[in-house]
Structures are given as C-alpha cells and as structure tokens.
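Chain and residue survey
Okay, here's what each chain looks like letter by letter:
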Amino acid sequence: MNAAVKLDEDIDILEQNIQDISPFLLKILLQDKTTGNFIRFACDEYLKYGEAYAADKEIRPELIIGNNTKIIQPRTAKSKDEQINRTRKAAEVFTPSWICNEMNNHCDEQWFGRPNVFNTQNGHFWIVNNEKITFPEDGKSKRAGWMKYVDSKRLEITCGEAPYLVSRYDTTTGEFLPIEKRIGILDRKLRVVNENTNNETDWFKWAKRAFESTYGYEYQGDNLLLARENLLWTFSDYYEQRFDKEPTLIQKKQIANVIAWNLWQMDGLTDTVPFATTEDSEKQLELFIDLPKIYTPILCKIKDWRSDKVFYFRDLKKGTKNEV
C-alpha cells in the first residue's frame, strides 16, 4: 500500500462547488437515467433566478455554471430562513453524523453478528476500531466474507445529501470528517476494500462494486446533485489517500455513471419521477370533439449491476423482478 495522503482537516467543505467538477462529469451527475433527460429542481427555492429555475424545470448544466456555480449549496450554507422554509415545505431535516453512525452500526451488527465492528459509539462521538475488519466464515460460498460485504445492497431513502452513505462532512454542522473517522455505508465498504486489495486494479474493481451496491433516492434536485457530488468526491478522497495521485477522468466517468444510476430522483410516495409524464394515448376524436390527451407519471427505473438488468423500483418493492 502506498503511503497515505493526509487530507487537510481544516478544509472548508462549503468552498467546494460546481466549478470543481469538470463539465463532462457534471453532465453525467445531472442525468436522470429513467427519462434520459436531466434531473429537475423539484423545489421553488431557485425561481428567483428566472422561470428556467422553476420546480418542474430540468437542472441543465448551463444554469449552474459560470456566475451561478454557487447557487446550489449544502444545507449548512443556507440561511436559517431558507432552512426553516425547506423544513416547512418539504419536511427536510438532516441527520447529524453521530446518529447516522449509530444507525449504521446497528445495521452492521445484524450483518456481522457482533457489535462495534467499525467503531464504538460514545455519546455524540465514536472511537474508531483501527484493527483490520474480520468477517464471519461461510463454508457454503467460495467468495470471501469481505467481498460479500462490499456487494451487499444498501439503500438510503429520501437521502438528502446522503449522510448515511458518505460522511465527508456533518450535514448539520458542516464539520469536515477525515477519512479515518468517516462512518457512512460506502465509507465502510471502501475501508474494507482498502484492507483487502493489494494493487490498483483490484482496488478499483472492488471500489466500483461498492458503489454499484449502494443506492439512494431523493425528491429535491439540488439535494440529489449534492449527494451525487459527495459520492464522487468520496471516491477521489479514498483513491488519492491510497495511491497518492488523482483518479483518471475515465475512472471518474465510470464511477459517476454508477452514481447517476444508483442515486436517483423519485417521489417516494408514488415511485415516479417528479414532474415527468408520458403520453398514454393518441389524440382521440369523438363526435368531432377533441378529447384531451392522457398523461401518466413515469415509474423510476433502477439497475442491478450484477445481472446488468434494469427494473422498475416499484416492482422490486413488491418482490418481483420484471426486466424493463
């Protein structure tokens, strides 16, 4: 393993913005894989910038670059009035890292069959387990326990900025967390990949699989973009720490494409794409009177990377897997 790069603990997470992502990657992170278009704002906070920023409009790259690179900011960078307004209108309340950690610890306790695998909770803080993570033996499978853990599918519902998946910063305080103290689901998987791979090829293969098995959905477009950015920057953080260099654009593109599939925009009550509809019938004529066209909401699609097949999320919830 190459010498680790110590990240600056004084980094200001809020200074990172759209301009830090290449236009090529930004276009990928804005994709809606279900519709083939861009994700939508799905909130009225940005209407002050013009009609193109209305809730039902797509977040096109040109709307958030140039002089507008900082209009989409994490919740902690928003004014108190904006935070209160979003809580009132969309029930938006973010979870502090210590609660995310405690809940993720409970999930891992079920998976491993023992408590305190990655760290031990101590009030609002946690003590990191610095020993290599050990896994339950499974005589029925040839695959190592760490591989099964990396491939285990996890989903964060209404994910916001995805604090349960990655914990680059505390979403309630903006406090930066160094890699060794991160507690997200994906952070844990990447730690396991670090501990069980010996070269860059294997590391990237299993890091990519970690992203492929980690999912989340969110309604509001700005939150979803921030979540996707957080996952992409997390990949770069771990890669740079391990190999003392930046990942290539090709590697970032592959990870960004996975992220665009696995973190998707959805109305969690209807399992559909917000503000997106499809025409359900041709224009009909009855007694020479035009009847209105019928439009139906678009069901969200999700990808199973191991089978390389796409399904409707609603079907998966029902326990069926009918390929789209």
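Heads up: these notes are all about the structure in this document. (Residues numbered from 1 in each chain as written. Predicted model: local features only at pLDDT ≥ 70, side-chain atom pairs only at ≥ 80, totals over all residues. Heavy atoms only, no water.)

Quick word on the overall build of the protein chain
Defined as follows: Where helices and strands are cited, they refer to DSSP runs of H or I of at least four residues and of E of at least two residues respectively, numbered from the N terminus. Only protein chains enter the calculation, and the probe is 1.4 Å; a residue is then buried if its accessible area is under 20% of its type maximum, exposed if over 50%, and partly exposed in between. Should any heavy atoms of two residues lie within 4.5 Å, those residues are counted as being in contact.
The helix and strand tally for the protein chain stands at nine helices and eleven strands. Burial analysis of the protein chain (324 residues in total) assigns 49% to the buried set. Partitioning the contacts of the protein chain with sequence separation of at least 6, the portion at a separation of at least 24 is 66%.

What to know about the packing of helix H7 (residues 221-243) against helix H8 (residues 249-262)
Each pair of packed helices can be described by the angle between their axes along with the distance between the axes. Going by this rule: Orientation is described by lines fitted to C-alpha atoms, with helices fitted over the stretch in contact, and by angles between N-to-C directions that extend from 0 to 180 degrees. Two helices cross in a left-handed way if the nearer one is turned anticlockwise from the farther one by less than a right angle. They cross in a right-handed way if the turn is clockwise. Think of it as three bins: nonpolar holds Ala, Val, Leu, Ile, Met, Phe, Trp, Tyr, Cys and Pro, charged holds Asp, Glu, Lys and Arg, and polar takes everything else, Gly as well.
At a closest axis distance of 10 Å, the pairing of H7 and H8 adopts a crossing angle of 145°. Seen from above, H7 lies across H8 with right-handed handedness. Here Arg228, Leu231, Leu232, Phe235, Ser236 and Tyr239 of H7 lie close against H8, whose contacting residues are Gln251, Lys252, Ile255, Ala256, Ile259 and Ala260. Of the residues assigned to the contact of H7 with H8, the class counts are eight nonpolar, two polar and two charged.

Some remarks on the nonpolar core
Our working definition: Grouping buried Ala, Val, Leu, Ile, Met, Phe, Trp, Tyr and Cys residues that are joined through side-chain atoms within 4.5 Å yields what is termed a nonpolar core.
Leu30, Ile64, Trp203, Phe211, Leu225, Leu231 and Trp264 are the most contacted members of the largest nonpolar core, which totals 72 residues. Sort the elements by how many residues they give to this core and H7 lands first, with eleven residues. Setting aside chain neighbours within four positions, we find Phe211 in contact with Leu186, Leu190, Leu231, Phe235, Ile255, Val258, Ile259 and Asn262. Grouped together as the second largest cluster of nonpolar side chains are five residues, Cys100, Trp126, Tyr164 and Leu177 included.

Remarks on the packing of aromatic side chains
Quick reminder of the rule: When two rings of Phe, Tyr or Trp (its six-membered ring) have centres within 6.5 Å they constitute a pair, described as stacked for plane angles under 30 degrees, edge-to-face for angles over 60, and tilted for the intermediate range. Sitting over a ring, as applied to charges here, requires NZ of Lys or CZ of Arg to be within 6 Å of the ring centre and within 35 degrees of the ring normal.
Counted under the stated rule, the structure contains 22 aromatic pairs. Where Trp203 meets Phe243, the ring centres are 5.5 Å apart and the plane angle is 90°; that geometry is what we call edge-to-face. In this pair, Trp203 sits in helix H6 (residues 200-212) while Phe243 sits in helix H7, placing the two residues 40 residues apart along the sequence. Across the pair, Phe243 and Trp203 agree in class, each one buried. Grouped by ring-pair contacts, the aromatic residues Trp203, Phe204, Phe211, Phe235, Tyr239 and Phe243 constitute a single cluster. Across the ring face of Trp126, the terminal group of Lys181 is positioned such that the distance to the ring centre comes to 5.5 Å. The aromatic ring of Trp305 is capped on one face by Lys303, whose charged end is 4.3 Å from the ring centroid.

Considering the pattern of salt bridges
Applied cut-off: We define a salt bridge as a contact between a side-chain nitrogen of Lys or Arg and a carboxyl oxygen of Asp or Glu at a distance within 4 Å.
The final tally for this structure, using the stated rule, is 15 salt bridges. Between Asp237 and Arg182 there is a salt bridge, and its shortest N-O distance comes to 3.0 Å. Separated by 55 residues along the polypeptide, Asp237 in helix H7 and Arg182 in the loop between strand E3 (154-156) and helix H5 (185-196) bring together distant segments of the chain. Note that Asp308 is salt-bridged to Lys303, the shortest N-O span being 3.2 Å. Residues participating in the shared-partner salt-bridge network are Asp108, Arg154 and Arg188.

Comments concerning the sheet that holds strand E4 (residues 214-218)
Operational definition: Two strands pair if DSSP finds at least two bridges between them.
On the basis of which strands lie adjacent, the open sheet formed by three strands has the order E3-E4-E5 and parallel pairing. The open sheet has two edge strands with one neighbour each: E3 and strand E5 (263-265). Between one strand axis and the next, the sheet turns by 20° as a mean value, whatever way the strands run. With three bridges connecting them, E3 and E4 associate as parallel partners. Across the sheet, the residue bridging to Arg154 is Thr214, located in E4. Lying on the sheet, H8 is in contact with E4 and E5; it crosses E5 at an angle near 45°.

Brief notes about H6
Quick note on the threshold: One less than the residue count of a helix, multiplied by 1.5 Å, gives the span that helix is expected to have. Two N or O atoms count as a polar contact when they lie within 3.5 Å, although within protein this holds only if one can serve as hydrogen donor and the other as acceptor, and sequence-adjacent residues are included solely when both atoms are side-chain atoms.
Helix length check: H6, at 13 residues, gives a terminal C-alpha distance of 18 Å against a target of 18 Å (1.5 Å per residue), a fit within 8%. Within H6 the residues assigned to the buried category are Trp203, Phe204, Trp206, Ala207, Arg209, Ala210, Phe211 and Glu212. Elements that come into contact with the buried residues of H6 comprise helix H4 (145-151), H5, E4, H7 and H8. Regarding H6, its N-cap is Asn199, as a side-chain oxygen of that residue lies 3.2 Å from the backbone nitrogen of Thr201 further along.

Looking at the pairing of strand E2 (residues 125-128)
Two elements, strand E1 (residues 119-122) and E2, share four bridges in a ladder whose sense is antiparallel. Note on E2: the bridge partner recorded for Gln121 is Trp126. The turn linking E1 back onto E2 is made up of two residues, and Gly123 within it adopts a positive phi angle of 65°.

Quick word on H5
When the terminal C-alpha atoms of H5 are compared, their 17 Å separation across twelve residues agrees well with the 16 Å that a helix rising 1.5 Å per residue should span. With respect to burial, H5 is a largely interior element, ten of its twelve residues being buried. Within H5, burial applies to Ile185, Leu186, Asp187, Arg188, Lys189, Leu190, Arg191, Val192, Val193 and Asn194.

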